[in-house]
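Structural overview for review
Here is how the chains run, residue by residue.
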Amino acid sequence: QNRFACLVAESTEEKVGKEVSEIVGVVEVSIHCDVDVLRIMTGDEYAYVCCMAVDPAHRRQEVATELLVGANEVAKTWGFNAACLHVYDANKSAVACYERSGYKTKQTNAPWSIPVLGKATKMLMIKN
């Protein structure tokens, strides 16, 4: 069964007498079955959270946290007790956000060079 959800966070403001909404964040949830991740998870597939993006003007306002709450709820409605994601350790603010939301690092890969981030380690984080 194909399962995919794109969650969108909106901000609504009143401008010139009418309500205007703008997208301030997004996150995707889908079902994956990567063998390396399944060595850590139980079952033959898992809920995977990815492509988190929050508008810079709306960061540090709990947008990402609320998107993660929604992503975890979607995973639960699909019958999963856990969700996982990958993040680079160089993305300190994302790692901190995921940790505050209950994700724990379960696996790290050897550091490798990423043009935008420099040397970074890819981390697998899981929330049960």
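In what follows, the structure referred to is the one given above.
Residues numbered from 1 in each chain as written. Predicted model: local features only at pLDDT ≥ 70, side-chain atom pairs only at ≥ 80, totals over all residues. Heavy atoms only, no water.

**Quick look at the side chain of T65**
Put simply, the test is: For helices the rule is a DSSP run of H or I covering at least 4 residues; for strands it is a run of E covering at least 2, with both sets numbered from the N terminus onward. By definition, residues are in contact when any of their heavy atoms lie within 4.5 Å.
Secondary-structure assignment places T65 in helix α2 (residues 63–77). Each residue touching T65, except ones within four places of it in the same chain, is listed here: C97 and S101.

**Some details on the environment of T77**
Applicable threshold: Between buried and exposed lies partly exposed: a residue is buried under 20% and exposed over 50% of the maximum accessible area for its type, with that area taken using a 1.4 Å probe on protein chains only. Here a polar contact means two N or O atoms within 3.5 Å. Within protein one must be a hydrogen donor candidate and the other an acceptor candidate, and residues neighboring in sequence count only if both atoms are side-chain atoms.
Examined against the element boundaries, T77 turns out to sit in helix α2. We classify T77 as exposed; its relative accessible area is 64%. Taking the C-alpha atoms as reference points, T77 and N128, separated by 51 residues in sequence, lie 14 Å from one another. For T77, the side chain forms a polar contact with the main-chain oxygen of V74, separated by 2.7 Å.

**Here's the deal with the pattern of salt bridges**
To keep it simple, the criterion reads: We define a salt bridge as a side-chain nitrogen of Lys or Arg found within 4 Å of a carboxyl oxygen belonging to Asp or Glu.
As enumerated under the stated definition, the model contains three salt bridges in all. Here R39 makes a salt bridge to D36, at a shortest N to O gap of 2.4 Å.

**A look at the nonpolar core**
Just so we agree on the cut-off: Within this scheme, the nonpolar core is defined by two criteria: the residues are buried Ala, Val, Leu, Ile, Met, Phe, Trp, Tyr or Cys, and they are joined through side-chain atoms within 4.5 Å.
Formed by 28 residues in total, the largest nonpolar core has its most connected members in V49, L85, V87, Y98 and Y103. Those elements that place two or more of their residues in this core are β1 (4–15), β2 (18–32), β3 (46–54), α2, β4 (83–88), α3 (92–100) and β8 (122–127). Among the elements that line this core, the one with the most residues is α2, at seven residues. Excluding residues that lie within four positions of it along the chain, Y98 makes contacts with M52, L68, L85, V87, Y103 and M125. With nine residues, the next largest nonpolar core counts Y48, A82, L124 and I126 among its residues.

**Thoughts on unusual backbone geometry**
One non-glycine residue, R60, lies in the positive phi region at around 65°. With respect to the element layout, R60 can be found in the loop between β3 and α2. If you check the backbone angles, E62 has positive phi at about 70° while not being a glycine. Topologically, E62 is positioned in the loop between β3 and α2.

**With respect to α3**
Applied cut-off: Directions from the helix axis toward the C-beta atoms define the arc.
Taken together, the buried positions of α3 are A94, V95, C97 and Y98. Down the axis of α3, the buried side of the element spans an arc of 160°, and every buried residue falls inside it. Seen from the open side of α3, the exposed residues pointing more than 90 degrees away from its buried face are K92 and R100. Each element contacted by the buried residues of α3 is listed here: β3, α2, β4 and β8. After α3 finishes, the residue G102 shows a positive phi value of roughly 100°.

**What about the packing of aromatic side chains?**
What counts here: Note on ring pairs: Phe, Tyr and Trp rings are taken, using the six-membered ring of Trp, and paired if centres are within 6.5 Å. Classes follow the plane angle, with under 30 degrees stacked, over 60 edge-to-face and the rest tilted.
Within this structure, the stated rule accounts for two aromatic pairs. Aromatic pair Y46 and Y48: ring centres 6.3 Å apart, planes at 75°, arrangement edge-to-face. For Y48, a relative accessible area of 12% gives the class buried.

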